[in-house]
Amino acid sequence: EDMSLGAKTKIHDALGRALFISKRYLIEPGSVGRDAVLRELEYSLSLAENVSGEGIKDEHFIDRCIEQAGNLGVEVNFEGTIPKDEDIRMIVDTAITVEITNVLRYSDEKTLSVLCTDDEREYDIEIRTAGKPADSEFVEKGGLKNLRELAESVGGTMSLVFEPTFLLTVTMLKGEDR
């Protein structure tokens, strides 16, 4: 059975976090508890086992992302409201996870500021990272490329700004406006 891009992305993101936390457990003994590693691995496997044609339903994924980011040494400051719409919530989940991964890989600064706002017509997420801007030869690939495709699949947009700090903005229309 074919999985949606959103389901594939969510499983990929969960497995990526499981690998990061496992690596940290092995390289920095005592920095992460064994139980946290096992929980993340079990969660990743349960996502893969419970995927259906409708995607993956997990209303607490954003909370899990933030909790696991802390286990990996990344502080996530979340402000705003978590969307009720499943498609939009999944895109917000993905945006936060992609940026946690990018901070771990490319940044000396380990803090993300996430602002989620909405009005009658649209939902916006802004994610900021302090630290040095990306190289001028930045190529959008992997997680950011998949995130753009997800946002555009629901009629949304995504923009990136690199100076003075990194800013990712995703805007998605609500309900009938899509």
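Summarised in this report is the structure supplied together with it. (Residues numbered from 1 in each chain as written. Predicted model: local features only at pLDDT ≥ 70, side-chain atom pairs only at ≥ 80, totals over all residues. Heavy atoms only, no water.)

A word on the sheet that holds strand 2 (residues 111–118)
At step 1: The mixed open sheet is built from 5 strands, whose spatial order is 1-2-3-5-4. Edge strands, defined here as strands with exactly one partner in the open sheet, are strand 1 (75–80) and strand 4 (157–161). Going from strand to strand, the sheet's axes swing by 15° on average, the running direction of each strand aside.
At step 2: Bridging between strand 2 and strand 3 (residues 122–129) involves 7 bridges; their strand directions are antiparallel. Paired with Leu-112 across the strands is Thr-129, a residue of strand 3.
At step 3: Helix 5 (residues 142–153) contacts strand 4 and strand 5 (166–173) of the sheet and is inclined by roughly 145° relative to strand 4. (Pairing = 2+ DSSP bridges. Helix = DSSP H or I, 4+ residues; strand = E, 2+ residues; numbered from the N terminus. Axes fitted to C-alpha atoms, helices over the stretch in contact; angles between N-to-C directions. Contact = heavy atoms within 4.5 Å.)

Observations concerning helix 5
At step 1: Over its 12 residues, helix 5 runs 17 Å from end to end, which matches the ideal 16 Å to within 8%, given 1.5 Å per residue.
At step 2: Within helix 5 the residues assigned to the buried category are Leu-144, Leu-147, Leu-150 and Ala-151. The arc that holds the buried residues of helix 5, viewed along the axis, is 120°, so those residues lie on one side.
At step 3: Remark: Gly-155 follows helix 5 within two positions and exhibits a positive phi of approximately 80°. (Expected span 1.5 Å × (residues − 1). Buried < 20%, exposed > 50% of the residue type's maximum accessible area, 1.4 Å probe, protein only. Arc of directions from axis to C-beta.)

What to know about the packing of aromatic side chains
At step 1: All told, the structure shown has 1 aromatic pair when counted by the stated rule.
At step 2: With a centroid separation of 5.7 Å and 50° between ring planes, the pair formed by Phe-162 and Phe-166 is classed as tilted.
At step 3: The class of Phe-162 is partly exposed, set by a relative accessible area of 22%. (Phe/Tyr/Trp six-rings, centres within 6.5 Å; stacked < 30°, edge-to-face > 60°.)

Section: helix 4 (residues 86–106)
One full turn of an α-helix is made of 3.6 residues, so residues set three or four places apart face in the same direction.
At step 1: For helix 4, which comprises 21 residues, the first-to-last C-alpha distance of 30 Å matches the rise-based estimate of 30 Å (1.5 Å per residue) to within 8%.
At step 2: Extensive coverage of helix 4 is indicated by the burial of 16 of its 21 residues.
At step 3: Regarding helix 4, its N-cap is Asp-85, as a side-chain oxygen of that residue lies 3.0 Å from the backbone nitrogen of Ile-88 further along. (Polar contact = N/O pair within 3.5 Å; in protein donor to acceptor, adjacent residues only side chain to side chain.)

Considering the pairing of strand 4
At step 1: Only one face of strand 4 is buried, namely the one carrying Met-158 and Leu-160, since none of Thr-157, Ser-159 and Val-161 on the opposite face is buried.
At step 2: Note: strand 4 against strand 5, 5 bridges, orientation antiparallel. Note that in strand 5 the partner of Thr-157 across the bridge is Thr-171.
At step 3: The hairpin formed by strand 4 and strand 5 contains 4 residues between the paired strands.

Notes on the nonpolar core
At step 1: By size, the foremost hydrophobic cluster in this structure holds 31 residues, and its most contacted members are Val-92, Ile-96, Ile-125, Leu-168 and Val-170.
At step 2: Mapped onto this core, the elements with two or more residues apiece are helix 3 (61–71), helix 4, strand 2, strand 3, helix 5, strand 4 and strand 5.
At step 3: Of all hydrophobic cores here, the second largest spans 6 residues; its members include Phe-20, Ile-21, Ala-36 and Leu-72. (Core = buried A, V, L, I, M, F, W, Y, C linked by side-chain atoms within 4.5 Å.)

Overview of the pairing of strand 3
At step 1: Turn length for the strand 2-strand 3 hairpin, with the two strands adjacent in sequence and antiparallel, is 3 residues.
At step 2: Bridge count for strand 3 against strand 5 is 8 bridges, and the pairing is antiparallel. Looking across to strand 5, one finds that Ile-125 is bridged to Val-170.

A look at the side chain of Ser-22
At step 1: Its location among the elements puts Ser-22 in helix 1 (residues 5–27).
At step 2: By relative accessible area, which is 16% here, Ser-22 ends up buried.
At step 3: Side-chain polar atoms of Ser-22 contact the backbone oxygen of Ala-18, separated by 2.7 Å.
At step 4: Ignoring anything within four residues of it in the chain, the contact list for Ser-22 reads Val-37 and Leu-41.

A few points about the environment of Lys-110
At step 1: Residue placement: Lys-110 occurs in the loop between helix 4 and strand 2.
At step 2: Each C-alpha atom of the pair Lys-110 and Ala-130 lies 8.3 Å from the other, and the pair is 20 residues apart in sequence.
At step 3: In contact with Lys-110, not counting residues within four places along its chain, are Gly-73, Val-74, Glu-75, Val-103 and Leu-104.
At step 4: In terms of polar contacts, Lys-110 uses its side chain to reach the backbone carbonyl oxygen of Val-103, at 3.1 Å.

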